[in-house]
Amino acid sequence: MSAAHRTERGGSRHFAIMIFAKQPELQRTGGDEPYAALPWDDLDRLSNALMGDLIEQACQVGGADVVLVYHSSARPSDEFLREFGDIVRYIELPETAKPLNHTVLGEFITSQPYQRLILVFENYPLLSPQLFLKTFSHLGSEEEKIVIGQTFDGECFFLGLRSPFHAFFHEGGQELFNKPFGMLSHVCSQNVIVCPVQPILPLTSGYQLATLRELIAGMDESDPIYPKHSATVFKFFDKKYKNRKHGQ
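My aim in this report is to walk through the structure given alongside it, one point at a time. (Residues numbered from 1 in each chain as written. Predicted model: local features only at pLDDT ≥ 70, side-chain atom pairs only at ≥ 80, totals over all residues. Heavy atoms only, no water.)

As for the side chain of Asp42
Here comes step 1: When you line up the elements, Asp42 lands in helix H1 (residues 40-58).
Here comes step 2: For Asp42, a relative accessible area of 0% gives the class buried.
Here comes step 3: If sequence neighbours within four positions are ignored, Asp42 has contacts with Phe236, Phe237, Lys240 and Tyr241. (Helix = DSSP H or I, 4+ residues; strand = E, 2+ residues; numbered from the N terminus. Buried < 20%, exposed > 50% of the residue type's maximum accessible area, 1.4 Å probe, protein only. Contact = heavy atoms within 4.5 Å.)

Side note on the pairing of strand S5 (residues 116-120)
Here comes step 1: The buried fraction of S5 is high, at four of five residues.
Here comes step 2: Two strands pair when backbone bridges link them, and strand S2 (residues 15-20) and S5 are joined in this way by five bridges, in the parallel orientation. Its bridge partner lying in S5, Ala16 is registered against Leu117.
Here comes step 3: Where S5 and strand S7 (residues 156-162) come together, five bridges link them in antiparallel fashion. Each residue of the ladder has a partner; that of Ile118, found in S7, is Gly160. (Pairing = 2+ DSSP bridges.)

Examining the layout of surface pockets
Here comes step 1: When its volume is computed, the largest pocket comes out at roughly 1200 Å³.
Here comes step 2: As for the largest pocket, its lining consists of 42 residues, of which Ala21, Lys22, Gln23, Glu25 and Phe121 are closest to the centre.
Here comes step 3: Within the residue set of the lining of the largest pocket, elements represented by two or more residues are H1, strand S3 (64-71), S7, helix H6 (175-178) and helix H7 (182-189).
Here comes step 4: Counting residues per element, the lining of the largest pocket draws most heavily on H1, which supplies four residues. (1 Å grid on protein atoms, 1.4 Å probe; cavity = no way out; pocket = protein on both sides within 12 Å on 5 of 7 lines; lining within 4 Å. Points joined across faces, edges and corners; volume = space filled by probe spheres on them.)

Thoughts on the pattern of salt bridges
Here comes step 1: In the structure shown here, the tally under the stated rule is nine salt bridges.
Here comes step 2: A salt bridge links Lys179 to Glu175, with the nearest nitrogen and oxygen atoms 4.0 Å apart.
Here comes step 3: You can call Glu175 partly exposed: its relative accessible area is 35%.
Here comes step 4: Via salt bridges that share partners, Asp42, Arg45 and Lys240 belong to a single interconnected network. (Salt bridge = Lys/Arg side-chain N within 4 Å of Asp/Glu carboxyl O.)

Here you go:
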């Protein structure tokens, strides 16, 4: 693997929030589904917005590196890099590491210079700095703790761990990512205190994107976690597809 970009912050701290770039993979079930006809360029636009809001929240956590991990075929746009390049460490994974499995992930994060890690596998824009800070606080206690967040369908989207990392993933086996609630089952088998995070919507369907849009629309723009990038894109979609329901 190669580091595409490293800022002065890269590897300089013991804590990190590691965000795995992920484009929403919509399971388009029919023409009546919201955003069923959303073209790939607009999906990329939305993906960058979701990721940008998540990064901005993570960057408010003092004392932690913010690391964006992506595969070589999904390098962020130059515009995106210009906006966040001074505050984020970028790591590019080869295509052979796609999709991540337990062995690849264990080896990868063990190679990084961190003692406490938050791994975010879903670019959900409403995760707050308070959540990240609370997670690091849990990981800093004398008791062994693991922080886990799941989507409503049982996929792991958030994981807080402290070193050693590799053994955790090695012992978990392939079911960590291939089986619903597989990560939770593994965490519960460990001799640790499990700290759950409130579940979130998986962003795998147009209906779920529409629900996220409504959640954002109902927020006060002065809210510290108001996701302005995502809100702007959803408003753009409303205008662009004004004669169709949510981008149909």
